[in-house]
Structures are given as structure tokens and as C-alpha cells.
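# Remarks on the overall topology
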Amino acid sequence: MTHAAELPAWAALAVTVLLLLGAGLALTGAVGLLRLQSFYERVHAPTLGTTLGIGCVLLASMLFFSLLQTRFILHEILIAVLVMVTTPVTLMLLARASLYRDRIEGNEAVPPPRRSQTGENSNG
Amino acid sequence: MSAALLEWAVLLAQLLLVTAMGCAAFRLMRGPRAQDRVLALDTLYVLAAMLLLVFGIRTGSQHYFEAALLITLLGFVATAALSKFLMRGEVIE
Amino acid sequence: MRYILPHPLIVLSLLLAWLLLSESASPGAVLLGGVLAIAGAWAFASLTPPRARLRRLAALPGLLRDVLVEVVRSNNAVARIILKPAGGATRRSGFVCIPLDMRDPYGLAALACILTATPGTVWVDYDSADGTMLLHVLDLVDEAEWVRIVKEKWERRLMEIFE
């Protein structure tokens, strides 16, 4: 880490806090993936890592490289936007697929389909 | 001083992320159902992207950023395709 | 103008993404990015998506700020739920059925993204016939409270922007 020697102390502290917060949130989400009981509860756990977790790591990376190269490094925003837009889509698709499978199996834990539903959905 | 602090922070962050990946991998193997495995795989992709970003900070190299961007893209496509597969039994309708 | 630039917002965001990726704003990068962005917008137009009408862009920054605050708040709440030692588990999670008044597809997509991106709530299903959505809540205390939150806090404001 010799390249980081010229970083000011406040920046090193900020990057440290952001990195540990982000990694800690991601770990909390993964622990939730293990500990929570049903699938529908577990769907909530990874959102910790994909919202604030990766956001903190990206902020740390932006701050670090901007100060290291003394110019604005902003391309981490692309990952942030990508993750922000795609994670809800995948989780929604997965939750819907799971609901569909549970309904076919007649699982008691999920609400039954509404009478107007014909298996055709427009939103997705 | 700041280099030593950062070195410890990066090491600790890497350890936390690898532990998180271990948890997700355990859920991937354990299941019990296919949707649990897909959820764990999606989590693994995001954790891998974060790990790559931390590697980038450790080495001071910008190339890891592109790898992280690609992994998030691949993760989205893979999870979307797998969810579609779970829903209908085929990827392209 | 509509023919050459079918979706100006898409062109602008694609160009911005290209400039961020190539990390330069030199004339060459802008030119190449512009050509690619316009080609991308044409490709998008050939999919014939339903037209979006953004009525009140002024309300967007406030909404984004509230989403950010909500994400931070619920990150904290969900982390507490996960790390709470097992045993005294009185927490209940479950599905809530919420009737929506919004019909604009982009508004619904935005609502779905906001609700799913905040930890603790996941948008599960939407029935376009009678406009009800199914929400899964990790820490469900009161169904009526969640219906009120979704309708008052998010749906009303998204309707102001999209409808």
C-alpha cells in the first residue's frame, strides 16, 4: 500500500470508515441469508449489501482515487446506477417466480391468486 | 500513518466480504429450494463486485473497476435469466 | 426533431455514461459517444415503448432525497432484525395487498423499484386487471399502516410526477 502514503489522514479515515461500513453491511446481509427462516424473509437480506453496502464501497473508491490522482474520478457512479436499477428488477422477478412456484404447489404460506388473474401479467 | 490505517481497513474489509461470500455459498449449496440458490448466486455476484472494488483500492489500480462493472452486468443478466427459467421452465418465451 | 432524436433523455444519459466510461470530455469522445447514443436511442425507439410523460420534474430531487433517507433508515432497521439474537421472536412477516390508483407503467415501475430497493419490503406481484399489488414486508406490524405508507408517501408523489 505504498501508493497510499501521500493520502491525507482525514481521507484515510473516511475511506476506512466507508469500507468497513460497506463490508459490514454486506456481511450482515449474508448472515441474514443464513439465519432467516423462509424464502420470502431471505429475499430482504441481500438488499442491505446492494443498497448501502455497495454504495459505501463505491464512495470509498471514488474518494480514494480522486485524491490519489488529484482529479475527479466519477465512473463509480455507473456501477451505483447499474446496481440501483438492476437489483430491484432481479429481486422482483425472483419473488414472482417463487410465488408462482409456491402457488402451483399449493403452498399454504402464500396468498392465493386473485379471481381476476388469468396467469397473464403486464408488469415485469 | 494513513497508509498503515488503510492497509488494515482494506484487509479487514476483505475478510468481512470473504466471510459474507462464504455465508452466501453455504446458502447456495444448502438450498433448500431453487429460488434460494438463485438468490444466493445473485448475492455472490454483488459481493464479488465489492471485493473487486476493494482490491482496486488495495493495489491502486483502476482496472479492477471495469471487472466490477462487468460482474454486476453479468450478475443481472444471469439472475434475470434464472428467474425466468424458474417461472416458466424456459428462458426465452 | 422527433424523428432524428426520438428519446432525448435516453440520448443524454447514454452520452453521459459513455463519457464517464472513457473518462474524457474531449471532442473525439463526445462525437463518438453522441453517435453511439443516437444509435442506441433509435434501437430503443424500434422497441416502441409506451411514451413517458414527466410532468413535474421539480418534484424529483425531493423524492430522491426521501428515497435515500428511507434506504438508510430501513438498512439500520433490517440489520437490527438480522443481528437480533434468536429466541424472543415475536416478529411477524407477511404479505400485504395494496390497491393502487396509479396506472402509468413508468410510475408503477418506479414505485416497484423504490419499494424493492428499500430493505424490508419487496414488491411481489401486480394485477393489472384491478390494480392491486402484493407487497412482502419483513417486519409486519399493521397492514393498514403499510397501505397508508405506500399510498401517502410514494404513490401520491409518483402520480404527481408521472400522471
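As the structure is a prediction and not an experimental result, all values here were calculated from the model. Residue positions within a chain follow its written sequence, with the count starting from 1. The naming scheme follows written order: chains are lettered A onward, ligands numbered 1 onward. Where local features are concerned, this predicted model is filtered to residues with pLDDT of at least 70; where side-chain atom pairs are given and counted, the filter is 80 or more; whole-chain, interface and lining totals use all residues. Side-chain calculation: all heavy atoms of the structure are included, whereas hydrogens and water are not.

Our focus in this paragraph is the packing of aromatic side chains. What counts as a ring pair is set by centres within 6.5 Å for rings of Phe, Tyr and Trp (its six-membered ring), and what kind of pair is set by the plane angle: stacked under 30 degrees, edge-to-face over 60, tilted for all other angles. One pass over the full model with this rule turns up five aromatic pairs over all chains. Between phenylalanine 39 of chain A and tyrosine 40 of chain A, the ring centres sit 5.6 Å apart and the planes meet at 75°, which makes this aromatic pair edge-to-face. When sorted by exposure, phenylalanine 39 of chain A lands in the same class as tyrosine 40 of chain A, which is buried. The interplanar angle of 70° and the centroid separation of 5.1 Å between the aromatic rings of tyrosine 40 of chain A and phenylalanine 95 of chain C together place this pair among those described as edge-to-face. On the criterion of chain membership, the pair formed by tyrosine 40 of chain A in helix H2 (residues 39-42) and phenylalanine 95 of chain C in strand S1 (residues 94-99) is interchain, its members lying in two chains. Of the two residues, tyrosine 40 of chain A and phenylalanine 95 of chain C, neither departs from the other in class, the shared state being buried. Clustering of aromatic rings is evident, with ring pairs tying together Phe39 and Tyr40 of chain A together with Phe95 of chain C. Throughout, exposure labels follow a simple rule: accessible area from a 1.4 Å probe, protein chains only, divided by the maximum for the residue type, with under 20% read as buried, over 50% as exposed, and the rest as partly exposed. Helix numbers and strand numbers start at the N terminus; a helix is a DSSP run of H or I with at least 4 residues, a strand a run of E with at least 2.

This brings us to the packing of helix H1 (residues 9-35) of chain A against helix H3 (residues 47-68) of chain A. Residue and element names in this part refer to chain A. Look at H1 against H3: their axes get within 8 Å of each other, and the N-to-C directions meet at 160°. Considered as vectors, H1 and H3 are oriented roughly antiparallel to each other. In this structure, H1 crosses over H3, and the sense of that crossing is left-handed. Following the grouping adopted for this structure description, the nonpolar residues are Ala, Val, Leu, Ile, Met, Phe, Trp, Tyr, Cys and Pro, the charged ones are Asp, Glu, Lys and Arg, and the polar ones are all others, Gly among them. For the contact of H1 with H3, the per-class residue count stands at 19 nonpolar, five polar and no charged. Whenever a helix is involved, its axis is fitted only over the stretch in contact; in every case the axis is a line through C-alpha atoms, and angles between N-to-C directions fall within 0 to 180 degrees. When describing relative orientation, an angle under 35 degrees is termed roughly parallel and one over 145 degrees roughly antiparallel, while 65 to 115 degrees is termed roughly perpendicular and anything else oblique. When the near helix sits turned anticlockwise from the far one by under a right angle, the crossing is termed left-handed; a clockwise turn instead gives a right-handed crossing.

What follows concerns the nonpolar core. Generally speaking, a soluble globular protein has its nonpolar side chains buried in company with each other. To form a nonpolar core, buried Ala, Val, Leu, Ile, Met, Phe, Trp, Tyr and Cys residues must be joined to one another through side-chain atoms within 4.5 Å. Leu19, Phe64 and Ile79 of chain A together with Leu17 and Met50 of chain B are the most contacted members of the largest nonpolar core, which has 63 residues in total. Looking at this core, the elements that each hand over two or more residues are H1, H2, H3 and helix H4 (76-105) of chain A, helix H1 (2-30), helix H2 (34-59) and helix H3 (63-88) of chain B together with strand S2 (121-127) of chain C. No other element matches H2 of chain B, which puts 13 residues into this core. With 27 residues, the next largest nonpolar core counts Met92 of chain A together with Leu63, Leu111 and Leu158 of chain C among its residues.

Residues are treated as being in contact if the distance between any of their heavy atoms lies within 4.5 Å. Across the boundary between the two partners, chain B contributes 51 residues, which contact 59 residues of chain A. Looking at the side of chain B facing chain A, the largest losses of area belong to Leu39, Ile57 and Met87 of chain B, adding up to 14% of the total buried there. Here, a salt bridge means any side-chain nitrogen of Lys or Arg that lies within 4 Å of a carboxyl oxygen of Asp or Glu. Counting across the chain B and chain A interface gives two salt bridges. Taking the shortest distance from any N to any O, the salt bridge between arginine 33 of chain B and aspartate 102 of chain A comes out at 2.8 Å. Between N or O atoms, a polar contact is any pair within 3.5 Å; within protein, one atom must be a potential hydrogen donor and the other a potential acceptor, and residues adjacent in sequence are included only when both atoms are from side chains. Summed over the shared surface of chain B and chain A, the number is seven residue pairs in polar contact (both at pLDDT 80 or more). Mapped onto the side of chain B that touches chain A, the elements with two or more residues apiece are H1, H2 and H3 of chain B. In short, buried area is how much 1.4 Å probe accessible area vanishes from two parts on joining, totalled over both.

Turning next to a nonpolar patch on the surface. For patches, a residue must show more than 30% relative accessible area and have no salt bridge; joins then use 9 Å for like charges and 5 Å for nonpolar side chains, namely Val, Leu, Ile, Met, Phe, Trp and Tyr. Exposure was quantified through the Shrake-Rupley algorithm and a 1.4 Å probe, taking into account, for residues, occlusion by the shown protein chains and nothing else. Together, Phe72, Leu74, Ile77, Val81, Met84 and Val85 of chain A line one region of the surface with nonpolar side chains, adding up to about 590 Å² of accessible area. Along the chain, valine 81 of chain A falls in helix H4.

What follows is about the sheet that holds S2 of chain C. Residue and element names in this part refer to chain C. Two strands pair if DSSP finds at least two bridges between them. If you trace the three strands from one edge of the open sheet to the other, you get S1-S3-S2, paired in antiparallel fashion. Because the sheet does not close on itself, it has two edges, and the strands there are S1 and S2. Averaged over all pairs of adjacent strands, the angle between strand axes in this sheet comes to 25°, irrespective of strand direction. Bridge analysis of S1 against strand S3 (residues 132-137) gives six bridges, and the strand direction is antiparallel. Note that in S3 the partner of glycine 94 across the bridge is valine 137.

Another point: the pattern of salt bridges. This model, assessed by the stated rule, comprises 13 salt bridges over all chains. Residues arginine 71 of chain A and glutamate 23 of chain C are paired through a salt bridge, measuring 3.8 Å at the closest nitrogen-oxygen approach. Linking arginine 71 of chain A in the loop between H3 and H4 with glutamate 23 of chain C in the loop between helix H1 (8-22) and helix H2 (27-45), this pair reaches from one chain into another. Judged by its relative accessible area of 41%, arginine 71 of chain A falls in the partly exposed class.

Here we come to the pairing of S3 of chain C. Residues and elements named next belong to chain C. Counting buried residues in S3 gives six out of six residues, a clear majority hidden from the surface. The alternating pattern of S3 places Thr132, Leu134 and His136 on one face and Met133, Leu135 and Val137 on the opposite face, and all of these are buried. Bridge count between S2 and S3: six bridges; the pairing is antiparallel. Counted as the bridge partner of threonine 121 is valine 137 from S3. The hairpin formed by S2 and S3 contains four residues between the paired strands, and glycine 131 there has a positive phi angle of roughly 65°.

The phi angle at threonine 70 of chain A is positive, at roughly 45°, despite the residue not being glycine. Here threonine 70 of chain A is to be found in the loop between H3 and H4.

Position of threonine 72 of chain B among the secondary structure elements: in helix H3. For the pair threonine 72 of chain B and methionine 50 of chain B, spaced 22 residues apart in sequence, the C-alpha separation works out to 9.6 Å. Ignoring any residue separated from it by four or fewer positions in sequence, one finds threonine 72 of chain B in contact with Ile79, Leu82 and Val83 of chain A together with Ala49 of chain B.

Residue and element names in this part refer to chain A. Known as pLDDT, the predictor's per-residue confidence is scaled from 0 to 100. Of all residues in chain A, 90% have pLDDT values of 70 or greater, and the mean over the chain is 82. Here H2 is the element of chain A with the lowest mean pLDDT, 86, and H1 is the one with the highest, 90. A low-confidence stretch, residues 116-124 stays under pLDDT 50, and its non-local contacts, those more than four residues away or across chains, total 16 contacts.

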